[in-house]
Amino acid sequence: MNLRKITITDVAKHAGVSVTTVSLALSGKGRISQKTADKVNESIEELGYVRNQQAASLRDNISNVIGLIIPDLTEPFYSEVASGVSQYAKTQNKIVFLTQSGNSREEFDRCLDSLINYGVDGIIVGSGKFLNDEIVARLAHYQIPIVCAARACEFAGIDVIRPDNTLAAKIATEHLINNGHHQIAYFGGASHSLTRAERIGGYCSTIIQYGLPFRSEWIVETNNKQQHIIQQVSDFLHQYPKVSAIICHNTATALGAYLGALKIGSTITSVDNYSYFNQEIALVGFDDIGSEALYDIPVTFITQPAREVGINAMMKIIQRISGDNSLPQSVTLSPGFLRDKG
């Protein structure tokens, strides 16, 4: 006996049609052939899919429930986004239905199915990784607006609220340069990360703007495993001893860079206390949310407006629910001020 709840995605795969086609068959709306409708209904019967009548009855009304899909609540950035969403929702007498998708498209689809079946008024997505035209069309069919609230999102056609990663990296790099650092490396992040690409763009453009040496080997990809980062940083500083500062992609990288520098006998100093005559390294990082582990370490952080991303996403979804049909907007929020730890 299959105890797992059958979803609309399961029906689509079984019938060999798109999720949108199944949605049209269930609602009885839209132009699909009788043959296709019969195929979908046969799959529904065979799989035992249960039509959600409560969700259907809510579609023409207001449920005052907003769906939120985030990759992982333990990620500091997205926990702050969720907090911002909930904070503003409370002032508007809205309830937030929180789901987590992880890094799985299948899990993302399951979260989406659940929210649609629940009858939410709108959906905020904490990552644009799994968005596509079919999902947007499906939500449009149900008249459910969607907003992307993420570190970065390259999907067009919907409202996007995100931090300005390029500007944050420019601020970090310029701060180092203004404090006497002329050989600066960038550590951390995966090559496929859009956030990393934007930050590296800000870093590179600032280096070039000030006429400083740029070397591609000074941009180093890492994972979040501490021992791996420590070894990479210590090896790098052995090879390039004149590098005086490292911009760290996240908190894990900053901690690994600190330990890696100590491993080879370097001293970690604050950005504005750098000495040319000692083997000193200055560290700058992003997303100081959740970086309590670094309170005793001299790391300068660029604060990211994660909570503000959540608040603005909630404001936008409410506008859409209320009938705002203006063109989709891509809004970037400026980073906060540099803040020293240690």
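Cut-off values and rules
- Residues numbered from 1 in each chain as written.
- Predicted model: local features only at pLDDT ≥ 70, side-chain atom pairs only at ≥ 80, totals over all residues.
- Heavy atoms only, no water.
- Core = buried A, V, L, I, M, F, W, Y, C linked by side-chain atoms within 4.5 Å.
- Buried < 20%, exposed > 50% of the residue type's maximum accessible area, 1.4 Å probe, protein only.
- Domains from an automatic or database assignment.
- Contact = heavy atoms within 4.5 Å.
- Helix = DSSP H or I, 4+ residues; strand = E, 2+ residues; numbered from the N terminus.
- Pairing = 2+ DSSP bridges.
- Expected span 1.5 Å × (residues − 1).
- Axes fitted to C-alpha atoms, helices over the stretch in contact; angles between N-to-C directions.
- Parallel < 35°, antiparallel > 145°, perpendicular 65-115°, else oblique.
- Left-handed = near helix turned anticlockwise from the far one by under 90°.

By the naming in an unreviewed UniProt entry, the protein goes by DNA-binding transcriptional repressor MalI and is assigned to Providencia burhodogranariea DSM 19968.

1. Points about the nonpolar core
With 53 residues, the main nonpolar core has Val-81, Ile-123, Ile-124, Leu-131, Leu-139 and Met-314 as its most contacted residues. Two domains each put at least three residues into this core: domain 1 (8-51) and domain 2 (65-162 + 307-332). Leave out the neighbours within four places in its chain, and Met-314 touches Ile-66, Val-85, Tyr-88, Ala-89, Lys-94 and Ile-124.

2. A short note on the pairing of strand β8 (residues 245-248)
Along a regular strand, successive side chains alternate from one face of the sheet to the other. Burial along β8 is two-sided: Ala-245 and Ile-247 and Ile-246 and Cys-248, pointing in opposite directions, are all buried. Relative to β8, strand β6 (residues 184-187) runs parallel, the two sharing 4 bridges. Paired with Phe-187 across the bridge in β8 is Cys-248. In this sheet, strand β10 (residues 280-286) lies alongside β8 in parallel orientation, the contact comprising 4 bridges. Bridged to Ile-247 within β10 is Val-284.

3. Thoughts on helix α5 (residues 76-91)
Taking 1.5 Å per residue, 16 residues should reach 22 Å; α5 reaches 23 Å between its end C-alpha atoms and fits that length. Turning to α5, the residues buried within the fold contact β1 (65-70), β2 (95-100), β3 (122-125), β4 (146-149), β5 (159-163) and α12 (306-321). Looking one or two places after α5, you find Asn-93, whose phi comes out positive at around 60°.

4. Let's talk about helix α11 (residues 251-263)
With 13 residues, α11 extends 18 Å from end C-alpha to end C-alpha; this agrees with the ideal 18 Å at 1.5 Å per step. Among the residues of α11, those classed as buried are Thr-251, Thr-253, Ala-254, Gly-256, Ala-257, Tyr-258, Gly-260 and Ala-261. Of the residues flanking the end of α11, it is Gly-265, one or two places downstream, whose phi is positive at about 90°.

5. A closer look at the pairing of β10
Most of β10 is tucked away: 7 of the 7 residues are buried. Burial along β10 is two-sided: Glu-280, Ala-282, Val-284 and Phe-286 facing one way and Ile-281, Leu-283 and Gly-285 facing the other are all buried. Strand direction decides the pairing type here: β10 and strand β11 (residues 299-302), joined by 4 bridges, are parallel. Each residue of the ladder has a partner; that of Leu-283, found in β11, is Val-299.

6. Brief notes about the sheet that holds β1
Each strand in a sheet pairs with its neighbour through backbone hydrogen bonds, running either in the same direction (parallel) or in the opposite one (antiparallel). In spatial order, the strands read β2-β1-β3-β4-β5-β12; together these 6 strands make up an open sheet with parallel pairing. Of all strands in the sheet, those with a lone pairing partner are β2 and β12 (330-333), marking the two edges. Neighbour-to-neighbour, the strand axes of the sheet open up by a mean angle of 20°, direction not taken into account. Here 4 bridges tie β1 to β3, and the two strands are oriented parallel to one another. Bridge assignment links Ile-66 to a residue of β3, and that residue is Gly-122.

7. Some thoughts on the packing of helix α10 (residues 226-239) against α11
Helix-helix packing: each pair is described by the crossing angle between the helix axes and the interaxial distance. Interhelical geometry of α10 versus α11 gives an angle of 50° and a closest axis separation of 7 Å. With respect to each other, α10 and α11 are oriented oblique. Of the two possible hands of crossing, α10 and α11 adopt the one that is right-handed. Contacts between α10 and α11 involve Gln-226, Ile-229, Ile-230, Gln-231, Val-233, Ser-234 and Leu-237 from the former and Ala-252, Thr-253, Leu-255, Gly-256, Ala-257, Leu-259, Gly-260, Ala-261 and Lys-263 from the latter.

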